[in-house]
Structures are given as C-alpha cells and as structure tokens.
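Notes for the structure review
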Amino acid sequence: MSTRKLKRSTLLQYWTKRYVMTLFIGLLIIGVTSVVWLQYEALNSRLHNIESFSQQVADYVTSNTGQIEIPDQFYKWIDLNQRVYKLPGQFGLTVFNQTGKVMFYKSAPLELVSPVQEGGNPPSPPPLTNHDQQALSSSNSGTISSGASGADPAFPSPPALVDRVIVNKSGNSYTIVSPIYGSNSVIGSIAISYAKKELTDISQQYGLISSLLLISGLLGWHILYLLLRKLSKPLYAVVDALKQIQSGNYTQMLQENVKEQEIYDLLIYFNAMAARLKQLEHLRLELLAGVTHELKTPVTSIRGLLRAIKDQVVTADEADEFLDISLKETQRLERMVSDLLDFNEFASGHVHIDKEAFDLGRLLREIVYQWSLIYQEDDLEIRTHIPERKMISFGDTGRIQQIIVNLLNNSRQAAEGRCIITISVMEYSSTMYEVLVKDNGSGIPIEEQINIYERYYRGSNKKLRIRGLGLGLPLSQMLATAMDGMLILKDSSSQGTTFQLLLPKASSFSG
C-alpha cells in the first residue's frame, strides 16, 4: 500500500496563511455589512432632510396673503438650499395648487446623473423648454393631464391634499409629498421625486471603507506575525536542543523566563528530561565501568588461583584452599550474572509471579533464621517484633524472601561495628500489612536517596567498600510492585535506615 508523503510547513507559514484567509473573509463580511448599514443610514438621513426641505419649499412659495406664488429666483433658491440640506444628485419637484394644477415643475434628468458630494455644488438644473413654459402658463386654465409635457412621471395624477408629510416608495424611487398651508388650511402640495440610487449612494465613502479594511487587515496580519514569531522562538530552541541531545550532548538547558504557561511547562519538562537523560548517561557509564570491574575481578582471581595450582606453586591443603576460593568466586560471578538476567527479564515483564495465601509472620521467621545462620560468626544482632497470631498475606513467598534477604544484606553492609537489625510486622491498613526493616548503619546521604531505585546506581560510600551491580533495590521494588505492594525508604539518617515493605492481605483478594 503506497503512502503519500505529508507536506509540512512551518508554524509561521501554516497559521499565517489560515489567519489571512480567515481575516479576509471576516473583513469582507464586515465591509459588506458596513456598506449596507451606511446605505440604510444615508437613506434615512436624506429622506429626513428632504422632508425638511419640502416644508421649507412650501413656506417659500406661500405669499403673505396665503396664496401660492412662484418667486422669480426659485431655481436659484432651490440650488442654494439643496446645498444647505445636503441633497445629492437631481430630483423632480412639482408644486400643485389646491385643485391639482401644476404651478411649478422642475424635472429630474431621464438618465442617471452623478451624485453630488455632500456639501458640494449640485449640478445646475436644466432650463425649461418653451413647451414646458407654455404648459406652466396654461396651468391657470386647466390641469395638466397624466403624461403630458411638464408633469413628473412619478406623479401621474395630483397627490391628495394632506396635512402631513408623506413618504412613499414606488419601485426604484421615493416620493415625498408635503402640504402647503395658507390661511390655516391646505392650499396645495409640494411633490418631490428621488431615485433610490441617488438616496443610497455612498460612493464617496467607499475609499474610506476600503482604506479602513485594508489597514485593519495589515495590522491584524502584522500582529499575528509578531505573535507567531515570538511563539516559535522557544519551539525552535527546543528543536535545536533535541538535535544536540540526539547527537549525544546531554548538557542542554533552556531558559525558562517566559510568560506563557504552556511554553513554560514545555521548557520545564524539557529541562527535566535533559537532566534525567544526563543522569542516565552517567549511570550507563558507571554501569559499564562497574560491570567490567565486577566481572573482571573474580575472573582475574580465578585465573591466578588456577594457574598457581597448575604450576604447582601451591600443593596439598593449600591447593584445596585455592580451589575453594575459586569456587566462591565463580559462585559470586554466577550470582551477578543471575541478577542481571533476573532484572532484565523483570524489566521486560517476562517474570512470572506465583501468588498464594501464606502466613507472613511464619515466613519472616524462617527467612531471618536461615539468613542469620550464614552470618552467625559476625558481630550481628537481629531483633524481631512479629505477632504470634496468624497474618495471612497474598503474594509470591520466593520473591518476598528475595526482597527481605536483599534488605538484610544492605543493612549488614551499612553497619560500622556491631550491626543491629530490627524486623517488625504490623497491620498498616484494612488491606495491607507493613514490614519494617531497620538498621543502625551510617544511613544514606540525602542527595543520594532520590537515586536508590535507579538501576545500576550505587552510592559513593558503597561502591568503594562493597562489590555489586546496584540492582538489589531496583529489583526489589519491581518485585513488590508486581505483588500489588510497595517498597519505600521510610527514613534514613546517621543513626540508621528504615525500609517499609507493604504487602496485601489475603482477605483483600477474597470474594
């Protein structure tokens, strides 16, 4: 089955690309929304201004006698007030009297004209044609019919007389009708027509909107770029340090002065890992030197003793003694190799534990008795505090004996002068028994206590006095854990050391 190689990019490229895409979509939505909203606001604002403008027109064409009179400079006045009210583009304006006759008509261009910018000068209104002037002149004698020259197409018929401003939308245009008051009554109306496109035109603001969106996009991209660069720096440092570790340089330590909690945790645990690897590398080198020394010493001794016998340097009883020494050295060598094999098998999970119920007190008495027979000629005292009642535990008796013997050997080796070892058993909890092995040795230095369960680790004092591989406590801890128990260094000082072995009760496995 063929697999495609995954194409990878840097953190900076990956997230910058996706952020730019997200930012573009977001700004596009904001831009469209802004345009729609501005058009809506412009429409409402301009319709309000047109209403005010129409009322101003109504007042302007009303004479002091309460009649409709079109001033001579009406076009100029419209032009001036269009700028005052900021009305865009061109519009149609018709003045109707009370009977619906057209008193004045200013037409809007048939084709779209460019809107005037707010506050600017609107285009000059087109002059009336002779035909329009004749139509207006005849307005005193009759009403202009729908569609006739001089009539606004937006008002095919005169609007109804009302006492308020009415705004209507018809297709693509708006119509505004405002009443003309004279002598406390409505005497006509001002009718204005405006194309919707003129009222909603905000083309003069498109540049501002585009500029703001562009600046926002560039600013957002720049901020993200700086943040990603800042975030990437410690990651690049970690990668470079890992490359150094891969090449065998375990002295890498990274600065931890960062504010981000996640980055801080990454650097903290990296430094802990680097320190741990450095320690393991040191232990590996010590193991190589220690195993080489421990295996070489008995081999050298055996070779020298056997050569002395072969060359008949020693004979008779002395030769037998040399053979006994050689046998002891081979036994010691066999034991070290056996420890290595046992530990490796246990570390790989291949050792079987035969669990069964047994009397813990009775087992401990047997172990202590057998071990004391081996060292009965030493200056050694063993004190036991084991209840006479049965204490039924659950585990592998052979493995428990291995743990206890290792603890007893360590206690004897730590003694300086007379050795006193105390073994006590008691209930620790409703599911556990507690076995305490205490000695009066010199204790374990505080700085070494954290490493006592490390494989192949041997304390500075012990490695100079006692031969071994440093596998006793690591293997004992593994055995205790495999039996659902625990092996703990409870206390250690210059007055002695106490180890605590917790073993499960058989009752905790019943039912």
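Everything discussed here concerns the structure shown above.
Below: a short report on this structure. (Residues numbered from 1 in each chain as written. Predicted model: local features only at pLDDT ≥ 70, side-chain atom pairs only at ≥ 80, totals over all residues. Heavy atoms only, no water.)

**Some remarks on the packing of aromatic side chains**
The full count for this structure, using the stated rule, is 12 aromatic pairs. With 5.8 Å between their ring centres and 70° between their planes, Phe53 and Tyr85 make a pair best called edge-to-face. Of this pair, Phe53 sits in helix 1 (residues 11-60) while Tyr85 sits in the loop between helix 2 (74-84) and strand 1 (92-97), and the two are 32 residues apart along the sequence. Each member of the pair Phe53 and Tyr85 is classed as buried. Taking 6.5 Å as the distance between ring centres and 70° as the angle between the ring planes, the aromatic pair formed by Phe96 and Phe155 counts as edge-to-face. You can see Phe96 sitting in strand 1 and its partner Phe155 sitting in the loop between helix 3 (130-137) and strand 3 (166-170), a full 59 residues away along the chain. (Phe/Tyr/Trp six-rings, centres within 6.5 Å; stacked < 30°, edge-to-face > 60°. Helix = DSSP H or I, 4+ residues; strand = E, 2+ residues; numbered from the N terminus. Buried < 20%, exposed > 50% of the residue type's maximum accessible area, 1.4 Å probe, protein only.)

**Comments concerning the packing of helix 1 against helix 5 (residues 203-246)**
Here helix 1 crosses helix 5 at 155°, and the two axes come no closer than 9 Å. On the basis of the axis angle, helix 1 is roughly antiparallel to helix 5. Crossing of helix 1 against helix 5: the hand is right-handed. Residues belonging to the contact of helix 1 with helix 5 are distributed by class as follows: 19 nonpolar, nine polar and two charged. (Axes fitted to C-alpha atoms, helices over the stretch in contact; angles between N-to-C directions. Parallel < 35°, antiparallel > 145°, perpendicular 65-115°, else oblique. Left-handed = near helix turned anticlockwise from the far one by under 90°. Nonpolar A, V, L, I, M, F, W, Y, C, P; charged D, E, K, R; others polar.)

**Some words on the pairing of strand 8 (residues 392-395)**
Here strand 8 shows a clear split, with Ser393 and Gly395 buried on one side and none of Ile392 and Phe394 buried on the other. Summarising the sheet, strand 6 (residues 356-359) and strand 8 pair through four bridges and their orientation is antiparallel. Bridging across to strand 8, Glu356 finds its partner in Gly395. (Pairing = 2+ DSSP bridges.)

**So, unusual backbone geometry**
Non-glycine residue Lys86 carries a positive phi angle of around 55°. Topologically, Lys86 is positioned in the loop between helix 2 and strand 1. Positioned with a positive phi, Asp484 is a non-glycine residue whose angle comes to about 65°. Mapped onto the elements of the fold, Asp484 is located in the loop between helix 12 (472-482) and strand 11 (486-493).

**What to know about the side chain of Asp439**
You can see Asp439 is positioned in strand 10 (residues 432-439). Here Asp439 is buried and forms no salt bridge, its nearest opposite-charge partner Lys438 lying at an N-O distance of 8.9 Å. Side-chain polar atoms of Asp439 contact the side chain of Ser411, separated by 3.1 Å. Leave out the neighbours within four places in its chain, and Asp439 touches Ser411, Ile420, Gln495, Gly496 and Thr497. (Lys, Arg positive; Asp, Glu negative; His and termini not counted. Salt bridge = Lys/Arg side-chain N within 4 Å of Asp/Glu carboxyl O. Polar contact = N/O pair within 3.5 Å; in protein donor to acceptor, adjacent residues only side chain to side chain. Contact = heavy atoms within 4.5 Å.)

**Side note on helix 8 (residues 360-374)**
For helix 8, which comprises 15 residues, the first-to-last C-alpha distance of 22 Å matches the rise-based estimate of 21 Å (1.5 Å per residue) to within 8%. The distance from a side-chain oxygen at the start of helix 8 to the backbone nitrogen of Gly361 is 3.2 Å, and the residue carrying that oxygen is Asp359. (Expected span 1.5 Å × (residues − 1).)

**Some remarks on a negative patch on the surface**
Taken together, the side chains of Asp317, Glu318, Asp320, Glu321 and Asp324 define an acidic patch exposed on the protein surface. Secondary-structure assignment places Glu318 in helix 7 (residues 316-347). Glu318 gets classed as partly exposed once you look at its relative accessible area, which sits at 41%. (Patch = residues over 30% accessible without salt bridge, like charges linked within 9 Å, V, L, I, M, F, W, Y side chains within 5 Å. Areas by Shrake-Rupley, 256 points an atom, 1.4 Å probe, with all protein chains shown as cover. Charge placed at Lys NZ, Arg CZ, Asp CG, Glu CD.)

**Considerations on a nonpolar patch on the surface**
Together, Phe24, Ile25, Leu28, Ile29, Val32 and Val36 give the surface a local cluster of nonpolar side chains, amounting to about 600 Å² of exposed area. Taking relative accessible area as the criterion, Ile29 reaches 51% and is therefore assigned exposed.

**Quick word on the sheet that holds strand 7 (residues 380-385)**
In spatial order, the strands read 7-9-10-12-11; together these five strands make up an open sheet with mixed pairing. If you trace the sheet from one side to the other, it starts and ends with strand 7 and strand 11, each paired once. Going across the sheet, the axis of each strand differs from the next one's by a mean of 15°, ignoring polarity. Bridging between strand 9 (residues 419-427) and strand 10 involves seven bridges; their strand directions are antiparallel. Bridging from a neighbouring strand, Ser424 pairs with Leu436 of strand 10.

**Remarks on the nonpolar core**
Where a protein is soluble and globular, its nonpolar side chains tend to be buried together. With 36 residues, the main nonpolar core has Leu360, Ile404, Ile421, Val435 and Leu501 as its most contacted residues. Contributions of two or more residues to this core are made by helix 8, helix 9 (397-414), strand 9, strand 10, helix 12, strand 11 and strand 12 (496-504). Per-element accounting of this core gives the leading share, six residues, to helix 8. Not counting residues within four places of it along the chain, the set of residues in contact with Leu501 comprises Ile403, Ile404, Tyr433, Glu434, Val435, Ala480, Met486 and Leu487. (Core = buried A, V, L, I, M, F, W, Y, C linked by side-chain atoms within 4.5 Å.)

**Considering the environment of Ile423**
Looking at the secondary structure, you find Ile423 in strand 9. Beyond its immediate chain neighbours, meaning those up to four positions away, Ile423 contacts Val368, Arg383, Thr384, His385, Leu408, Val435 and Leu436.

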